[in-house]
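Survey of secondary and tertiary structure
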Amino acid sequence: PVFIADGWGVRHHVFELNAKVVAEAGGKSDITKIEIFVDGSFVKEKSGSKFSDTISIPNGQHTIKAKATDNAGKTAETQVRIGVNQPFATPTPTP
């Protein structure tokens, strides 16, 4: 599984353009890298099973995705949605 640490609180509202992203992956195989994407665009990559770095994110609502790759080439990913300098609008469920 891949995890993105939730240091932003329930609503994922951050007040800075530079946000610290922490991701960790684990499984039966060794994790070779973790890649970070913002709104589908590649931002940074780190070798190993842990990623911790600051990335620049513009104002607005965004999706941050962490993608882990193991030594067998298998991938797993997870994502969170955040609002930078504006509250994140939670979609209203459709009945």
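Each chain carries its own residue numbering, running from 1 in the written order of its sequence. In view of the model being predicted, local features appear only for residues whose pLDDT reaches at least 70, and side-chain atom pairs are presented and counted only at 80 or more, with totals across whole chains, interfaces and linings using the full set of residues. Only hydrogens and water are set aside; all other atoms, that is, all heavy atoms of the structure, feed into the side-chain values.

**A look at the overall build of the protein**
Across its full length, the protein holds zero helices and eight strands. Working definition: with a 1.4 Å probe on protein chains only, accessible area under 20% of the residue-type maximum means buried, over 50% means exposed, and in between means partly exposed. Burial status across the protein gives 33% buried among its 95 residues. Restricting to contacts in the protein with at least 6 residues of sequence separation, those with at least 24 account for 55%. In short, Shrake-Rupley with a 1.4 Å probe defines the accessible areas, and a residue's cover is counted only from the protein chains shown. Total accessible area on the protein is roughly 5900 Å²; 50% of this is exposed by carbon and sulfur atoms. Runs of E in the DSSP output that reach at least two residues are strands. Runs of H or I that reach at least four are helices, and both are numbered from the N terminus. Throughout, a residue-residue contact means that at least one pair of heavy atoms, one from each residue, lies within 4.5 Å.

**Points about the packing of aromatic side chains**
Only centres within 6.5 Å qualify two rings of Phe, Tyr or Trp (six-membered ring in Trp) as a pair; their planes then separate them into stacked at under 30 degrees, edge-to-face at over 60, and tilted for everything else. If you walk through the whole model with that rule in mind, you get one aromatic pair. When the ring of F37 is compared with that of F42, the centres are 5.8 Å apart and the planes differ by 75°; the resulting orientation is edge-to-face. The ring of F51 is capped by K46, whose NZ or CZ atom sits 5.9 Å from the centre of that ring. Sitting over the face of the ring of F37, K65 holds its NZ or CZ atom 4.7 Å from the ring centroid. Should the NZ of a Lys or the CZ of an Arg lie within 6 Å of a ring centre and within 35 degrees of the ring normal, that charge is described as sitting over the ring.

**Focus on the confidence of the model for the protein**
As a per-residue quantity, pLDDT reports the predictor's confidence and falls between 0 and 100. When pLDDT is averaged along the protein, the result is 77; 73% of the residues meet or exceed 70. Strand 2 (residues 13–14) is the least confidently modelled element of the protein, averaging 50 in pLDDT, while strand 5 (residues 41–47) averages 93, the highest of any element. Across residues 6–13, where pLDDT falls below 50, the model places 19 contacts with residues more than four positions away in sequence or in other chains.

**Points about the nonpolar core**
Residue types Ala, Val, Leu, Ile, Met, Phe, Trp, Tyr and Cys, when buried and joined through side-chain atoms within 4.5 Å, form a set referred to as a nonpolar core. Core analysis: the biggest nonpolar cluster contains 17 residues, and I34, I36, I57 and I64 have the highest contact counts within it. Sorting the residues of this core by element identifies strand 3 (18–25), strand 4 (31–38), strand 6 (50–56), strand 7 (60–70) and strand 8 (75–84) as the ones contributing at least two each.

**Observations concerning the pattern of salt bridges**
A carboxyl oxygen of Asp or Glu within 4 Å of a side-chain nitrogen of Lys or Arg is what we treat as a salt bridge. The tally for this structure, following the rule as stated, stands at four salt bridges. Of the charged contacts, one joins E35 and K33 as a salt bridge, the two residues approaching to 4.0 Å between their closest N and O atoms. Residue classification places E35 among the buried positions, given a relative accessible area of 11%. When the shortest N-O distance is used, the salt bridge between K46 and D53 registers 3.5 Å. Take K46: its relative accessible area is 30%, and that puts it in the partly exposed class. The exposure class assigned to D53 is partly exposed, which follows from its relative accessible area of 22%.

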